[in-house]
Amino acid sequence: MLVLFETAAGYAIFKLLEEQKLEEVDSLYSAFKSVESANQIVKLKHFEKFADITEALSATTASIEGKISKSLKKLIKKHVVDEHEKLLVADSKLGVAIREKFELQCLANTSVQHLMRCIRSQLDNLISGISRKEMSAMALGLAHSLSRYKLKFSPDKVDTMIVQAVSLLDDLDKELNNYTMRCREWYGWHFPELSKIITDNIAFVKTVKLIGTREHAVDTDLSDILAEEVEEKVKEAAEISMGTEIADDDIMNILCLCDQIIDMTNYRQQLYDYLKNRMMALAPNLTILVGDLVGARLVAHAGSLINLAKQPASTVQILGAEKALFRALKTRKDTPKYGLIYHSQLIGQCSTKNKGKMSRMLAAKAALATRVDALGEDVDINMGVEHKAKLEARLKLLEQGNIRRISGTGKAKAKFEKYQGISEVKHYPDAADSTLPSSSEQRKRKWKSDGEIKEETVSVKEEIEEEPANGADEPKPKKKKKNKKEPKEESVEVKEEPVEIKQEEEQPEKKKKKKKKHASSS
């Protein structure tokens, strides 16, 4: 058996003299305690030294990726292929590549790993021609070169810049708020009315820097910073201000604080432009969907763009709301519907009832866009623009209430009648303004002796006669024969004289009662 051993100085091929020792791990360690016993188990056959650090770096990176370097190919062709023996390697991926390339039988298991450790313990004595100091220097140089190579070609190298930039941006916002509030409170002792007149922080700081003490407010031109109306209010308030007087040293320190705030504001704007350009270069589709700040915060929260691409859409949706999620799971309440993605423009345009739906749809599209940005080649912004257009159309449908529903086996839109079409114009019917009853059914009022009213719907077959112009008495309603169970049918006059109708209807009822009394007496 032959053993392929990789070092920082080059490749070494050893001849395994006692193959049975490979199966006895405990005796193997004891055999490598001394140089003499180690030489009885393995013997150096050939050592191929690297020409320079570049060759060592290329060979090491190829071994990490499970590939065969050029120097290793030459070594195997020259010293291993002709022997037709089994080759022991430390890396199983490298063994598979050698077997496919040279059709050699390779072995890589735990016993081989123990053998490699034993050889490494006596490496200085087994390899002649290289001192221990030289071997350490080569190992250190190769380690530094490999670290620089990984940093240079790492897919996450730009993510680090975005994470640091968005974190610094948040820190700058906090510091600017603290500095501005300190400036308002400090200058408020001298000119308290200015803080209420000017609400914008930057305009307030610039105004304080130009004015200085309030006595100079009348002579100072503030047209570049404030509107005319606000400028007049400031000058009027400066004349009647209730603030205290301050010394020149005090106003000098306040003006220095104003300079710091203005410089930090300018740097924040510069940092935001830098972050925006970085996000468009790194993840253009994600930036178009959720915005540059929200996308940068998602990348920073996940750690890198690759880690964000590995997350499912449900995780992207609630990313940043982990505390609320675990609290809801612990208390068995509703879980949060959105996290950092809540601050995106599409969700901000939704009504409250549709924010959950839109966050779910946006998270799904953002997960797809992130994977394309992280793993795709020649990435453009077409996917992000297309998905954003679809989401905006879906948002419009949700807000208007025109929601798609499944009808049978296919999808169809819910049909809503138009209020007014372009081709047809509906006119208001003037005939509907008549107060005369147009239906064939009316309600009959039946007055009883005790004053109770019973309303029943009856069909009226007779037409209403027109009232005489000279105000003559109204004709009495005709009586018809009817069964006992059927109610009486009487034509009811139009509700113009309800008092007269009542009197006329009460008279026949009294006559009926008198007739009943006479019949009972007889």
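The name recorded for the chain in an unreviewed UniProt entry is Nucleolar protein 58, from Dendroctonus ponderosae. Entered under Subcellular location (unreviewed entry) in the UniProt record, the comment concerning the chain runs "Nucleus, Nucleolus". Per UniProt, the chain carries the Sequence similarities (unreviewed entry) text "Belongs to the NOP5/NOP56 family."

**Considerations on the overall build of the chain**
Each helix and strand counted, the chain has 22 helices and nine strands in total. The buried share of the chain, reckoned over its 522 residues, is 33%. A separation of at least 24 residues holds for 62% of the contacts in the chain among residues at least 6 apart in sequence. For the chain, the exposed surface amounts to about 35,100 Å²; the carbon and sulfur share of it is 51%.

**Looking at the pairing of strand β1 (residues 2-6)**
Within β1, four of the five residues are buried, leaving the element largely enclosed by the surrounding structure. As defined by bridge partners, β1 adjoins strand β2 (residues 10-16) across five bridges and the pair is classed as antiparallel. Paired with F5 across the strands is A12, a residue of β2. In this structure, the hairpin formed by β1 and β2 is closed by a connection of three residues. Taken together, the two bridges between β1 and strand β4 (residues 87-88) define a ladder with parallel strand orientation.

**Details of helix α12 (residues 228-239)**
With 12 residues, α12 extends 17 Å from end C-alpha to end C-alpha; this agrees with the ideal 16 Å at 1.5 Å per step. Turning to α12, its buried residues are E231, V234, A237 and A238. Buried residues in α12, looked at end-on, bunch into an arc of 130 degrees, giving them a common side. Opposite the buried face of α12, by more than 90 degrees, sit the exposed residues E228, E229, K233, E236 and E239. Residues of α12 that are buried sit in contact with α10 (193-197) and α11 (201-211).

**A word on the sheet that holds β2**
Pairing in this open sheet of five strands is mixed, and the strands run β3-β2-β1-β4-β5 from one edge to the other. The open sheet has two edge strands, β3 (42-49) and β5 (106-107), and neither has a second partner. Taken together, the seven bridges between β2 and β3 define a ladder with antiparallel strand orientation. Counterpart to K15 in the pairing with β3 is K43.

Calculation notes
- Within any chain, residue numbers begin from 1 and follow the written order of that chain's sequence.
- Totals for whole chains, interfaces and linings use all residues, but because this is a predicted model, local features are given only for residues with pLDDT of at least 70 and pairs of side-chain atoms are given and counted only at 80 or more.
- As a rule here, side-chain values cover all heavy atoms of the structure and leave hydrogens and water aside.
- UniProt positions are given in the numbering used here, feature names are shortened, and annotations may be inferred rather than shown by experiment.
- Note on conventions: DSSP H or I runs of at least 4 residues are helices, E runs of at least 2 residues are strands, and numbering of each starts at the N terminus.
- Relative accessibility decides the category of a residue: with a 1.4 Å probe and only protein chains considered, values under 20% of the type maximum give buried, values over 50% give exposed, and everything between is partly exposed.
- The contact criterion used is simple: two residues touch if any of their non-hydrogen atoms lie within 4.5 Å.
- Residue exposure ignores everything except the shown protein chains as possible cover, and the areas themselves are Shrake-Rupley values with a 1.4 Å probe.
- Strand pairing is defined by DSSP finding a minimum of two bridges between the two strands.
- Multiplying 1.5 Å by the helix residue count minus one yields the expected span of that helix.
- In this description, one arc is meant: the one made by directions from the helix axis to the C-beta atoms.

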